[in-house]
Amino acid sequence: MRVPPATLLPLVCLLAACGSSSPPPEPESADVPDTVVMDDAPGFAPLATDQVIVAHRGASGHAPEHTLLAYDIALEMGAEYIEQDVLPTVDGELVVIHDDTLDRTARGPAENCTGRVDEKTLDQLKTCDVGSWFNEANPDRASDDFIGLPIPTLEEVFQRYGNAPEIKYYIETKPNQENDDSVERELLRLIVEYGLRDGAVNNRQVLVQSFIPTSLTNMNQLDPEIPLIQLYAAGATVTLAAAAQYAFGVGPNTAETNQQLVDQAHALGLAIHPYTINSTEDLEAVAALCVDGIFTNFPDRYRGVLTNNDYGCAAPIR
Ligand code: G3P
Ligand code: CA
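What you see is a predicted model, and the numbers here were worked out from it, not measured in a lab. (Residues numbered from 1 in each chain as written. Chains lettered and ligands numbered in written order. Predicted model: local features only at pLDDT ≥ 70, side-chain atom pairs only at ≥ 80, totals over all residues. Heavy atoms only, no water.)

(A) Spatial organisation of empty space enclosed by the protein. Using the criterion set out here, one finds 1 cavity of 30 Å³ or more in the structure. The computed volume of the largest cavity comes to approximately 60 Å³. Considering the residues around the largest cavity, the lining is formed by E65, H66, V96, I97, H98, T105, V130, W133, I151 and P152. Looking at side-chain class alone, the lining of the largest cavity contains 6 nonpolar, 3 polar and 1 charged residues. (1 Å grid on protein atoms, 1.4 Å probe; cavity = no way out; pocket = protein on both sides within 12 Å on 5 of 7 lines; lining within 4 Å. Points joined across faces, edges and corners; volume = space filled by probe spheres on them. Nonpolar A, V, L, I, M, F, W, Y, C, P; charged D, E, K, R; others polar.)

Here it is, written out as structure tokens:
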């Protein structure tokens, strides 16, 4: 399995069962080989019959969202996919952060770490700490290891985790302008540069998701083979037939998720991955609908639900 940096192992071991450890791999250089070989066998190899565990913003119930530490912990806990929300900086880099603005999760110089992400340069954003807020919000789960964690770029995420088949990325696009496909172009460039396109096309190693249909159709025009997930906000009509024209699957809010929707999606050949479901009780209820996967802040809980129950579902679309 992917081994987190040695300095983080005590924390990860506190949160998840740890197996044998070996020295952590160094982040890949920008000169990425065709195939990255993991230095350890995967500890939680998913079966083709498993629902897919999507670590929502990483293991964000345990560590600050969209930090490399949250992704490390997610993988240690058996997540199949690590999720990234990507936003463009003013100088055209893709950074991994959920909100359009910095104020909720960033701490640091106000001129750099408040306001809109797309009005900052990457250099400005790199002065921000996106770990400390978690300690403020979750004193019961606080850790000194979270203080000072930086905003990663998507490229840094790809450099760290590479393109070995065990690593899967679930990337949400949030372009800041209509009629502008620069976010999708940069995302596709990085997918290709880091040797992830073949895995995406043949094994859904990368899924590109968005609430914004034009972002997905932009991506579809740039590369029709990249698998896409159409998201739906709470209360929005889930337009399955339209999505089936370009998407591999759909991501409804949990409020709209029921057996009829799951069956309708499957009848159209669409995978269905509801978001964001966190309690064990809710995870059990949604898994029992025979969804194909779930976004959760607690991949360990979902892993436990799938391990401890047999819902008699047909093999998921994956
Ligand atoms: O991408 C699925 C889920 O993450 C959508 O909600 O707001 O957390 O990005 P949000
Ligand atoms: Ca998201």
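Don't stop here, the text continues.
(B) Quick peek at the coordination of the calcium ion (ligand 2). Summarising the metal site, the calcium ion (ligand 2) is bound by the protein donors E83 (OE), D85 (OD) and E172 (OE), whose distances to it range over 2.1 to 2.4 Å. Sequence positions of the residues that donate to the calcium ion (ligand 2) give the spacing E-x1-D-x86-E. Linking E83 in strand β2 (residues 81–88) with E172 in strand β4 (residues 168–173), this pair joins segments that are 89 residues apart in sequence. Each of the two residues, E83 as well as E172, counts as buried. (Donors = N, O, S within 2.8 Å, 3.2 Å for Na, K, Ca; no water. Helix = DSSP H or I, 4+ residues; strand = E, 2+ residues; numbered from the N terminus. Buried < 20%, exposed > 50% of the residue type's maximum accessible area, 1.4 Å probe, protein only.)

(C) Focus on the environment of L190. For L190, the location among the structural elements is in helix α7 (residues 182–193). Separated by 32 residues in the primary sequence, L190 and F158 place their C-alpha atoms 8.2 Å from one another. In this structure L190 touches L94, L154, E155 and F158, once residues within four positions along its chain are discounted. (Contact = heavy atoms within 4.5 Å.)

(D) Examining helix α12 (residues 280–287) more closely. Among the residues of α12, those classed as buried are L283, V286 and A287. The arc enclosing the buried residues of α12, seen along the axis, measures out at 100°, which places them on a common side. Buried positions along α12 lie against β9 (293–296) and α13 (299–308). (Arc of directions from axis to C-beta.)

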